[in-house]
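Residue-level structural notes
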Amino acid sequence: MTEERTPLWAESSSAPGRQYGDAEPPRRDPAAVRRRTLDPRELAEKVLAGDRGGIARAITLVESSKPAHHAVAAGLLRILRPHTGRATRVGITGVPGAGKSTFIDALGQRLIAQGHRIAVLAVDPTSAKTGGSILGDRTRMGELAQSESAFIRPSPAGSHLGGVARTTRESMLVLEAAGYDVVLIETVGVGQSEVAVSGMVDTFLLIALARAGDQLQGIKRGILEMADVIAVNKADGDNEGESRVTARELSIAMKLITSDPKAPRPPVMTCSALTGTGLDDVWTAIVDHRARLEASGQLEARRARQQREWLWALVNGELEDALRTSEAVSAIRGRLEAQVEDGELSALEASDAILAAFATDVPARWKGHDSGFAG
């Protein structure tokens, strides 16, 4: 007969045990956890070698809004610049629900099968209230995201016009230097403000949709004037017939856009990202458009113009950031806003006061700033 033992619960203390939050967190030596100083040359080597971690870190660097990162990012882009410019740059836009991400997923897989390396910059809308962004494009590009020959980078649009992050251009250069020969930029799809993406690509693809009012929206000159290729997506099943009707109506609309009968008109075609029908035709139209630009010398001229526009976009962005972080402006901002709200001061008078205060900060902010420009 075995000896009877006292239950463990009877021997335990009734005092509450140590909870997770009671223990002190482990102490770390700040010197041991401090990140190394970013070296643009070292990072550039990783990008040129196609190291995915290095590419991701380089894009994070050029996307950073921290002033301390700007000089490092500029040094990185200076090293990478000779290795850029050889990729086919395609902007893809369309109304929400047109199937842009699914289209890119299907097209990207076909291009990879042909030996291409695909990079996707998918810009997501940013909440005006919280500043948050869903960044769910990788989910909708599930198959493409698994390929080693593809690099998908979602980024929040921020407050910039056209739903394109201000640093999308720099990210594109990083990906080109890494050896991706096709760069697809998917925009939010907010309508006529998509002029932002058309100013950074070789070919601008508009994804249209039947039964969504696109016929009337498409008649608006803004979006059609920028389109180089138009594809009516989801042309499958019962929707195939209506998609062809939409394509025909958009073709007629394109004739109304230009009064020059000799001017080339963007091709309008139907496709289905679900079945793959028409995707090869869309890509052929993109390649043909770029080839015509290159043969006529317009590609070089277009990219030169885009570089000039990029210059002033960066200047404007830097001024906006400087104005927002100016100590002199912050000191009077609240008072001026309150006076404008109460009607004591006009917006014009307040803006003059803000700019005058900002002017006092300008010399200190850019004093001794090294632009790397010689003579």
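Here, every reference points to the structure presented above.
In this numbering scheme, every chain counts its residues from 1 along its sequence in written order. Where local features are concerned, this predicted model is filtered to residues with pLDDT of at least 70; where side-chain atom pairs are given and counted, the filter is 80 or more; whole-chain, interface and lining totals use all residues. Note that the side-chain values use all heavy atoms of the structure and ignore hydrogens as well as water.

**Quick word on unusual backbone geometry**
Here is the rule: Helix and strand definitions here come from DSSP, where helices need a minimum of 4 consecutive H or I residues and strands a minimum of 2 consecutive E residues; each element is numbered from the N-terminal end.
The phi dihedral of K234 falls on the positive side, at around 65 degrees, and the residue is not glycine. Tracing the backbone shows K234 in the loop between β6 (229-233) and α13 (240-257).

**So, the layout of surface pockets**
Under the convention used in this document: Any residue with an atom within 4 Å of a point lines the site, the site being either a cavity, points on a 1 Å grid over the protein atoms alone where a 1.4 Å probe fits but cannot get out, or a pocket, an open set with protein on both sides within 12 Å along at least 5 of 7 lines. Grid points are joined across faces, edges and corners, and a volume is the space filled by probe spheres set on the points. Charged means Asp, Glu, Lys or Arg here, nonpolar means Ala, Val, Leu, Ile, Met, Phe, Trp, Tyr, Cys or Pro, and polar covers whatever is left, Gly included.
There is about 600 Å³ of room inside the second largest pocket. Together, 25 residues line the second largest pocket, and A227, D228, P264, H289 and R302 are the ones closest to its centre. Elements that contribute at least two residues to the lining of the second largest pocket include exactly α10 (195-198), α12 (221-226), α13, α14 (279-296) and α15 (298-325). Top element by residues in the lining of the second largest pocket is α15. It accounts for five residues. For the lining of the second largest pocket, the residue count by class is eleven nonpolar, seven polar and seven charged.

**So, the packing of helix α16 (residues 327-342) against helix α17 (residues 347-366)**
The criterion, for reference: Geometry is summarised by axes, namely lines fitted to C-alpha atoms with helices restricted to the contacting stretch, and by angles between N-to-C directions that run from 0 to 180 degrees. Note on angle classes: values under 35 degrees are labelled roughly parallel, values over 145 roughly antiparallel, values of 65 to 115 roughly perpendicular, and the remainder oblique. We call two residues in contact whenever any of their non-hydrogen atoms come within 4.5 Å of each other.
It is at 9 Å that the axes of α16 and α17 come closest, and there the two elements cross at 170 degrees. Here α16 is positioned roughly antiparallel relative to α17, judged by the angle of their axes. Taking contact as the criterion, the partners of E327, A328, V329, I332, L336 and V340 in α16 are, on α17, A347, A350, A353, I354, A357, F358, T360 and D361. When its residues are assigned to classes, the contact of α16 with α17 shows eleven nonpolar, one polar and two charged.

**Examining the side chain of T168**
Inspection of the secondary structure puts T168 in helix α9 (residues 168-177). In this structure, T168 is in contact with L121, V123, I185 and M200, ignoring residues within four places of it in sequence.

**Looking at the pattern of salt bridges**
Our working rule: The rule for a salt bridge is simple: a side-chain nitrogen of Lys or Arg has to be within 4 Å of a carboxyl oxygen of Asp or Glu. Here's how the labels work: a residue is buried when its accessible area is under 20% of the maximum for its type, exposed when over 50%, partly exposed in between, all with a 1.4 Å probe on protein chains only.
Within this structure, the stated rule accounts for nine salt bridges. D228 is paired through a salt bridge with R302; the nearest N and O atoms lie 3.7 Å apart. Of this pair, D228 sits in the loop between α12 and β6 while R302 sits in helix α15; the two residues are 74 residues apart in sequence, bridging distant segments of the chain. A residue is classified by how much of its surface remains accessible, and D228, at 13% relative accessible area, is buried. In this structure R302 comes out as buried when scored by relative accessible area, which is 16%. Between R244 and E240 there is a salt bridge; the shortest N-O distance is 3.0 Å.

**Here's the deal with α14**
Given 3.6 residues per helical turn, the α-helix brings residues three or four places apart onto the same face. Filter applied, for reference: Expected span, for any helix, means 1.5 Å times one less than how many residues it has. Think of it as the arc spanned by the lines of direction from the helix axis to the C-beta atoms.
Between the first and last C-alpha of α14 there are 26 Å, a value that for 18 residues agrees with the 26 Å anticipated at 1.5 Å per step. Among all positions in α14, only L279, V282, W283, A285, I286, H289, R290 and L293 are buried. Buried residues along α14 cover an arc of 155 degrees about the axis, so they all sit on one side. Residues of α14 that are exposed and angled more than 90 degrees away from the buried face: D281 and A295.

**Section: the side chain of R290**
Definition in use: Two N or O atoms form a polar contact when they lie within 3.5 Å of each other; inside protein one atom must be a possible hydrogen donor and the other a possible acceptor, and for residues adjacent in sequence the pair counts only when both atoms belong to side chains.
Looking at the secondary structure, you find R290 in helix α14. The class of R290 is buried, set by a relative accessible area of 12%. At 3.2 Å, the side chain of R290 forms a polar contact with the side chain of D202. Once you skip the residues sitting within four places of it in the chain, R290 turns out to touch G85, R86, A87, T88, D202, T203, L299 and R303.

None of the figures reported here should be taken as evidence of function without further support.
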